[in-house]
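Here is what each chain is made of, one letter per residue.
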Amino acid sequence: MEPFEPRVVAFLCNWCSYTGADLAGTSRKKYPTNLLPIRVMCSGRVDPEFILKAFREGADGVIILGCHPGDCHYINGNHKTLGRFPILKKLVQQFGIHPDRLRLEWVSASEGDRYAVVVAEMTEQVRKLGPLRWNTRIKETVAASAAGGE
Amino acid sequence: MKNPVIGVYVCHCGSNIGSVVNVPEVVEFAKGLPNVAVAREHKYMCSDPGQDVIKKDIKELGLNRVVVASCSPLMHEHTFRKACESAGLNPYYFQMANIREQVSWVTTDKVRATEKAKVVLVGAVNRVVEHDPLFVKSVPVTPATLVIGGGVAGIEAALQVAASHTQVHLVEKEPSLGGHMARFDKTFPTLDCAACILTPKMVQANTNPFIKVHAYSEVIEVSGYVGNFTVKIRHKASYVNNDKCTGCGVCITKCPERGIPAEFESGLGNRPVYVAPDAPQHGKKPKDTFGKRPAIYTPFAQAVPNKPVIDRDNCRYYTTGKCRVCEKMCEPGAIDFDQKDWIEEIQVGNIIVATGMKTFDPTPMKNLGYGRIPDVYTGLEFERICHSSGPTEGQILTWKKESPKAIAIVHCVGSRDDKHHRHCSRVCCMYSLKYAHLIKEKLHNCEVYEFYIDMRCFGKGYEEFYSRLLQEDVRFVRGRVAEVSDWGIYPEEKGRLVVRVEDTLAAQVRRIPVDMVILSTALEPAENADHLKHTLHMSCSSDLFYLERHPKLAPVSTATDGIYIAGACQGPKDIPDSVAQAGAAAAQAIGMIKRGVVEIEPTTAHIEESMCTGCQICIPLCPYTAIRRNEEKRIAYIEGALCKGCGTCVGACPSGAAQQWGFDDRQIYREIEGVLAAK
C-alpha cells in the first residue's frame with residue numbers, strides 16, 4: 001500500500017498569509033506539498049461551510065491562515081475569524097472529526113519561514129491522525145443503519 | 001450562460017518552474033479536463049509572445065475562459081487580465097494557478113511537485129467556469145496629496161508633487177521640518193554642508209503656495225480609499241499663536257528654565273556635567289547648558305516654520321503655576337497658555353509616507369559602555385559635536401573638554417547582529433569614514449581607528465571616498481569590538497578608555513587606548529512607525545520597516561492602493577536614495593491626479609435582495625460600516641463605494657444572500673472540489 005499522504009486545504013488571506021506563502025517561495029524554503037492553497041481576500045471570508053465542504057470532498061485537514069490580530073488589512077476581519085473558530089472546532093467535533101484536523105494560524109507577509117514551519121507541522125499533525133475519509137464513513141454509517149433497520 | 005470554452009496555459013518561467021514541474025505532463029493532463037479546449041506550454045507566458053498566444057486563441061478558438069498556471073497572482077494577474085481584455089474577453093474570466101512561489105520553489109521532489117501543480121490547476125479550471133464578467137468602476141480622484149514626515153524625503157516628495165500645481169499637505173510631528181538631515185554637519189562622500197542643501201528646500205516647501213506645512217502635528221486617523229481619503233490631523237498645542245508670532249526669539253532667550261536635554265542634540269544633554277576635582281567649590285553648581293534647551297524653544301536656529309513651541313512638561317508655569325516670563329517679554333502678545341490641541345480634517349487622493357528612521361540605542365550593549373562611560377558617543381551625538389552650530393561649536397572635545405589624542409569608531413553597533421538587528425544599516429560605513437575624515441581635518445595628530453567587519457561602500461563615489469581615507473593615515477582594524485572599558489592596566493592606558501578587539505587580519509587580540517569612542521549605531525524604523533502602520537493598514541517586513549508591494553517592480557507602492565512609501569521608513573537608506581524614492585513616490589501620486597479617475601477593484605460584496613432575510617447579522621460585522629438597512633424592504637444593502645471587498649459579511653451570512661464578486665460561494669466551492677478531485 002502507498003504511504004498515506006494527507007491532503008490539507010488551506011484558506012489564505014490575500015494580504016498577509018498568501019504574501020507570506022509567496023515569500024516562502026521567493027526565499028526557496030522547502031516544505032511538504034500536502035497543502036492545497038485557496039486564496040480569499042480576508043480570513044473573515046472563510047465561511048464555516050467551506051470547511052465542512054472541504055472535509056466532505058475528502059480533505060484530511062483544513063487550516064485557515066490570516067494576518068496577526070491587529071494587522072488585518074480590513075481593520076478586524078481576522079478578529080471575526082478568531083471569534084468563530086472555537087465554535088467551529090466544536091462543530092467539527094460533533095461531526096466526528098478530530099479537532100486537531102482544523103487549525104487557525106497567523107502568518108504575516110514577512111513570515112515566509114514561519115509559513116514553511118506551519119505547513120510542515122500541520123502536515124505531520126494530520127499524518128499522525130491518519131486518513132479521514134469523512135464522506136465514505138458517512139455513507140457507510142448510513143448504509144449500515146439502513147441495513148440494520150430492515 | 002454560454003458553454004465554457006477554457007484555454008489553459010502552463011508557463012516554464014525559464015527553468016524556475018520547468019526544472020521541477022514536468023510541464024509537458026501537466027499540459028497533457030490539462031487537455032483531459034472538462035471544458036478545456038486547448039492547453040499549451042510556453043517558456044515565458046508573461047512575455048509579449050506568450051501573451052500573444054492567449055490573445056490569438058481567444059480570437060481564433062473562441063475561448064471564453066482563460067487559466068494561466070505560472071507565478072503568483074500578486075505578480076502577474078494584472079498582466080494576463082489586460083491580455084484577455086485586449087482580445088475582447090472580460091478580464092475577470094481569467095484565473096491564475098500559482099505553481100511557482102507555492103509549488104516549484106518550495107520542493108525539490110519533481111513527482112510531488114508535478115502532482116501538486118496538476119491539483120492546483122484543476123482547482124483553477126473548476127473555478128473559472130463559475131466566473132462572472134465584472135466591470136471596473138472608476139471614481140474621481142481628489143487632487144490633493146498628504147505627505148507624512150518632513151525630513152528630506154518628505155520635503156522632496158512634497159516639492160515634486162507641488163510642482164504639478166496641486167495641493168500638498170506636509171505633516172511633521174516635530175516643531176520644524178528637516179528630520180535627521182538637519183542635524184548633520186557634512187554629507188558623504190562629497191562633504192557638502194548638509195544645512196546648505198537642506199535649509200533652502202525647507203524654506204521652499206514652507207513658502208510654496210501649493211504646500212501647506214502642518215508642523216508639530218500628527219496623523220491620527222485615515223479612512224476612505226484610493227483617490228478619496230479622509231485624514232484627521234491633530235495639531236499639538238504649541239501655546240504660541242503662530243499668526244501673531246514674528247519669530248524674533250526673545251521668549252527663547254528669556255526663558256528661565258534652561259536645563260532640558262535638547263532632542264535636536266541627540267542625547268548629548270543627558271550627560272552629567274564634568275566638574276574638575278580641583279575646581280574651586282563655591283557652593284553653587286556650575287551652570288550646565290551643554291546640549292540643553294529652554295522650555296520654549298525652536299529645535300534649531302534655521303527652523304522652518306520659525307515659530308517656537310512651549311514644552312508643557314518642563315515649563316515652569318505649567319509645573320509650578322508661576323513664571324509667564326515669555327508672555328511678558330513677547331511684544332506681539334503671541335503667547336497663549338490656554339491653547340488646546342485641535343483636530344483638522346482634510347481630503348486627499350494619495351498619501352506618501354516618509355516617516356524615516358531612528359538610531360539604535362546602544363545602552364543594552366553593556367560591553368560598549370554607552371551610558372556609563374561619558375566619552376562613548378553614538379554616531380548621531382558625534383555628528384552634533386562635529387557640527388559648527390552644535391554645543392561645542394564644531395570643536396572635537398572629550399567630556400572633560402580636552403582635545404582627544406586617539407578616537408575609536410566602532411562599526412555595526414546593533415546591525416548585522418543576531419541579538420539586535422540582522423540587517424545592514426547601509427549608511428554606517430560611510431558616515432564612519434566621514435567622521436574619520438572630519439577628525440583628521442580638525443585634529444591632525446589625532447589617531448583614528450575604524451573597527452569594522454566589512455567595509456560596505458556601495459554607492460556612487462563611495463569606494464573612491466574609502467580609497468581616499470586609506471591615504472589619510474586612518475587605522476583600519478578588522479574585527480568586532482569585544483569591550484570598551486575605562487580600566488587601564490598599562491601606564492599608557494591610565495585615565496583613558498581601552499578598546500579590546502580581536503584583530504582578525506593580524507590574528508591577535510589587541511588593547512588599544514583611546515580618549516573617545518564613537519558607536520556607529522544601526523538604523524531602526526521611526527518611533528511611531530508601528531502606530532502609523534495600523535492607522536494606514538500597511539505591512540512591515542521582518543526588520544519592521546514598511547513593506548513595499550514588490551522590491552523591484554513596485555518599490556514605492558504598498559499593498560494599499562494610493563499609499564506610497566519613500567525614504568528610510570522602507571529600509572535603511574542614504575540621502576541620495578531617499579530623495580530618489582521621494583521623486584518616484586511623487587510621480588505615482590501625480591500620475592493618479594493627472595488621470596483624474598481611479599479604477600476600483602470590482603471584487604466587492606453585494607446582497608441578493610430576494611434571499612436576504614433581514615437578520616442583520618452582517619451589519620455590525622462590516623469594518624467600514626458599508627452595510628445599511630433598508631427599513632422599507634426590511635433587508636440589508638451594501639453602500640458600494642464604501643465596501644472594500646473583505647468578504648467578512650459573506651462568510652457570516654446564514655442565508656447566502658451576501659456574496660462577493662469574484663469570490664462567491666459557487667466559485668470557492670468549485671475550487672475546493674477541484675483541488676480535492678484527485679484520488
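Residues numbered from 1 in each chain as written. Chains lettered and ligands numbered in written order. Predicted model: local features only at pLDDT ≥ 70, side-chain atom pairs only at ≥ 80, totals over all residues. Heavy atoms only, no water.

K.L.:
Before we move on, can you summarise the overall build of chain B with the specific residues and values?
P.N.:
A tally of helices and strands in chain B yields 18 helices and 34 strands. Along the three orthogonal principal directions, the C-alpha set of chain B runs to about 100 × 70 × 40 Å. Sorting the 679 residues of chain B into buried and exposed places 55% on the buried side. Element-wise, carbon and sulfur atoms account for 52% of the exposed surface of chain B, whose accessible area totals about 29,900 Å². Here chain B contributes 80 positive and 78 negative side-chain charges, whose respective centroids are spaced 2 Å apart. (Helix = DSSP H or I, 4+ residues; strand = E, 2+ residues; numbered from the N terminus. Buried < 20%, exposed > 50% of the residue type's maximum accessible area, 1.4 Å probe, protein only. Areas by Shrake-Rupley, 256 points an atom, 1.4 Å probe, with all protein chains shown as cover. Lys, Arg positive; Asp, Glu negative; His and termini not counted. Charge placed at Lys NZ, Arg CZ, Asp CG, Glu CD.)

K.L.:
Break down the domain arrangement of chain B for me, citing the residues and quoting the values.
P.N.:
Examined at the domain level, chain B breaks down into domain 1 (6-134), domain 2 (146-227 + 347-356 + 526-600), domain 3 (359-523) and domain 4 (602-661). For domain 2 of chain B and domain 4 of chain B, the distance between their C-alpha centroids amounts to 36 Å. (Domains from an automatic or database assignment.)

K.L.:
Pulling in residues and values, what's your account of the state of the cysteines?
P.N.:
Working definition: the covalent bond between the sulfur atoms of two cysteines is a disulfide. Residues and elements named next belong to chain B. Scanning all chains against the criterion turns up two disulfides over all chains. The side chain of Cys-193 participates in a disulfide bridge whose partner is Cys-196; the two sulfur atoms lie 2.3 Å from each other. Here the disulfide of Cys-193 and Cys-196 is right-handed, its torsion about the S-S bond being about 90 degrees. Overall, Cys-196 belongs to the exposed group, its relative accessible area being 52%. With no disulfide of its own, Cys-84 lies 14 Å from the sulfur of Cys-71, the closest cysteine sulfur. Taking the relative accessible area as the measure of exposure, Cys-84 reaches 0% and is therefore buried. With no disulfide partner, Cys-424 has as its closest neighbouring cysteine sulfur the one in Cys-429, 6.5 Å distant. A relative accessible area of 26% places Cys-424 in the partly exposed class. (Disulfide = S-S within 2.5 Å.)

K.L.:
Tell me about the pairing of strand β27 (residues 516-521) of chain B, residues and numbers included.
P.N.:
All names here are of chain B. Of all six residues in β27, six are buried, a share of seventy percent or more. The alternating pattern of β27 places Met-516, Ile-518 and Ser-520 on one face and Val-517, Leu-519 and Thr-521 on the opposite face, and all of these are buried. In this sheet, β27 lies alongside strand β20 (residues 376-378) in parallel orientation, the contact comprising three bridges. Along β27, the bridge assignment pairs Thr-378 with Leu-519. Sheet topology note: the strand β21 (residues 406-413)/β27 ladder contains five bridges and is parallel. Following the sheet pairing, Val-413 is matched in β27 by Thr-521. (Pairing = 2+ DSSP bridges.)

K.L.:
Give a detailed account of the nonpolar core, specifying residues and quantitative values.
P.N.:
Counting 52 residues, the largest nonpolar core has A:Phe11, A:Ile51 and B:Ile607 as the members making the most contacts within it. Looking at this core element by element, the count peaks at five residues for helix α2 (residues 48-56) of chain A. One finds B:Tyr9, B:Ile17, B:Ile58 and B:Ala117 within the second-largest nonpolar core, a separate group that totals 45 residues. (Core = buried A, V, L, I, M, F, W, Y, C linked by side-chain atoms within 4.5 Å.)

K.L.:
Account for the interface of chain B and chain A, with residues named and values stated.
P.N.:
The partner chain A presents 50 residues to the 50 residues of chain B that form the contact. Summing both sides of the interface, chain B and chain A together bury roughly 4,500 Å²; the carbon and sulfur share of this comes to 57%. Looking only at chain B, the three residues that lose the most surface to chain A are B:Gln102, B:Trp105 and B:Leu676, adding up to 15% of its buried area. In this structure, B:Lys533 engages A:Asp71 in a salt bridge whose closest nitrogen and oxygen atoms are separated by 3.4 Å. Taken together, the links from chain B to chain A amount to 21 residue pairs in polar contact (both at pLDDT 80 or more). Elements that contribute at least two residues to the side of chain B that touches chain A include exactly α3 (73-86), α4 (100-104), α5 (110-129), α14 (529-536), α17 (648-652), β34 (658-660) and α18 (665-675) of chain B. (Contact = heavy atoms within 4.5 Å. Buried area = accessible area lost by both parts, 1.4 Å probe. Salt bridge = Lys/Arg side-chain N within 4 Å of Asp/Glu carboxyl O. Polar contact = N/O pair within 3.5 Å; in protein donor to acceptor, adjacent residues only side chain to side chain.)

K.L.:
Which residues make up the pattern of salt bridges, and what values go with them?
P.N.:
Counted according to the given criterion, the structure contains 60 salt bridges over all chains. Among the salt bridges present, the one from B:Glu77 reaches A:Arg39, with a minimum N-O distance of 3.1 Å. You can see B:Glu77 sitting in helix α3 and its partner A:Arg39 sitting in strand β2 (residues 35-40), one on each of two chains. A:Arg39 sits in the buried class, given a relative accessible area of 15%.

K.L.:
Explain the sheet that holds strand β2 (residues 36-42) of chain B to me, and be specific about the residues and the numbers.
P.N.:
All names here are of chain B. Pairing within the open sheet is parallel, and its four strands lie in the order β2-β1-β3-β4. Single-partner strands in this sheet number two, and they are β2 and β4 (94-98). In this sheet, neighbouring strand axes are inclined to one another by 15 degrees on average, regardless of whether the strands run parallel or antiparallel. Pairing between strand β1 (residues 6-11) and strand β3 (residues 65-70): five bridges, direction parallel. Looking across to β3, one finds that Val-10 is bridged to Ala-69. Sitting on the sheet, helix α2 (residues 48-61) touches β1, β2 and β3, and the angle it makes with β2 is about 165 degrees. (Axes fitted to C-alpha atoms, helices over the stretch in contact; angles between N-to-C directions.)

K.L.:
Lay out unusual backbone geometry in plain terms, naming residues and giving numbers.
P.N.:
Residues and elements named next belong to chain B. Across the junction of Phe-188 and Pro-189, the peptide omega takes the value -10 degrees, indicating a cis bond. Each neighbour pair has its own omega, and for Val-304 with Pro-305 the value is -5 degrees, a cis peptide bond. Examined against the element boundaries, Pro-305 turns out to sit in the loop between β15 (296-297) and β16 (309-310). The residue Ser-266 is not glycine, and still its phi comes out positive at about 55 degrees. Position of Ser-266 relative to the elements: it lies in the loop between β13 (260-261) and β14 (292-293).

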